[in-house]
Amino acid sequence: MGQASNLALQDDGGQVEDTLTGKFLTFLVDQEYYGIPIQYVKEIVGLHTITEVPEMPVYIKGIINLRGRIIPIMDIRLRFKKPYRAYNDRTCIIVVDIDELCVGLIVDSVSEVLWIASEDIVPPPGLGIGGARYVMGVGRSDGGAKLLLDCNRLLNDHELEQLDNLNTPREEL
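Residues numbered from 1 in each chain as written. Predicted model: local features only at pLDDT ≥ 70, side-chain atom pairs only at ≥ 80, totals over all residues. Heavy atoms only, no water.

- Under the annotation held in an unreviewed UniProt entry, the protein carries the name CheW protein and is attributed to Paenibacillus algicola.

### So, the nonpolar core
Next, step 1: Judged by nonpolar contacts, the single largest core of 32 residues is most densely connected at Phe27, Ile36, Met74 and Ile76.
Next, step 2: For this core, the elements supplying multiple residues, two or more each, are strand 3 (23-29), strand 4 (32-37), helix 1 (76-79), strand 8 (92-98), strand 9 (101-107) and helix 2 (157-166).
Next, step 3: Among all residues touching Met74, those that are not within four sequence positions of it are Tyr59, Ile60, Arg79, Val103, Gly104, Leu105, Ile106, Leu154 and Leu155.
Next, step 4: By size, the runner-up hydrophobic cluster in this structure holds 9 residues, among which are Ile64, Leu66, Val95 and Cys102. (Core = buried A, V, L, I, M, F, W, Y, C linked by side-chain atoms within 4.5 Å. Buried < 20%, exposed > 50% of the residue type's maximum accessible area, 1.4 Å probe, protein only. Helix = DSSP H or I, 4+ residues; strand = E, 2+ residues; numbered from the N terminus. Contact = heavy atoms within 4.5 Å.)

### Some remarks on a negative patch on the surface
Next, step 1: Residues Asp99, Glu100, Asp157, Glu161 and Asp164 make up a contiguous surface patch of negative charge.
Next, step 2: Structurally, Glu100 is set in the loop between strand 8 and strand 9.
Next, step 3: Classification of Glu100 by relative accessible area gives exposed; the value is 75%. (Patch = residues over 30% accessible without salt bridge, like charges linked within 9 Å, V, L, I, M, F, W, Y side chains within 5 Å. Areas by Shrake-Rupley, 256 points an atom, 1.4 Å probe, with all protein chains shown as cover. Salt bridge = Lys/Arg side-chain N within 4 Å of Asp/Glu carboxyl O. Lys, Arg positive; Asp, Glu negative; His and termini not counted. Charge placed at Lys NZ, Arg CZ, Asp CG, Glu CD.)

### A word on helix 2
Next, step 1: Among the residues of helix 2, those classed as buried are Glu159, Leu160 and Leu163. In an axial view of helix 2, the angular spread of the buried residues amounts to 100°, which keeps them on one side of the axis. Among the exposed residues of helix 2, those oriented more than 90 degrees off its buried face are Asp157, His158 and Glu161.
Next, step 2: Those residues of helix 2 hidden inside the fold are in contact with strand 6 (60-66), strand 7 (69-75), helix 1, strand 8 and strand 9. (Arc of directions from axis to C-beta.)

So, in structure tokens, the structure goes:
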């Protein structure tokens, strides 16, 4: 998948039509379907060799070298406090752009890109549980429900700073 953030069409009047609004990349984690707004998605890649980085939270698995770019990797399953599951051939990494920081999200599998009308998105239930803070809404689609994630809430400011330091080259001493 190429860079989704640059997709837009111009109509005959020169107006730019946003073709990404309402589109979500859906994926599976622990038998639950999630979606993230497609404009955050940079690309989807298979598993790479992950280099562990000391003293990171358990859900930050380390870093990968993606065509010369160092990208921190977060296991969404562990971030949501779900049990660890060994990676398999369906496991993949969704590279997203969060506040100009590329982060790879390990998911069980990618499903499809769905368009969900705004009237089919409802606020998340107020369950009072910690994981609900990542959910911006619930999308109704094909008789089911997809938990729509707010990418900006996957990492707090401290975590963003830690990860930004991982992919920022240090000046030579």
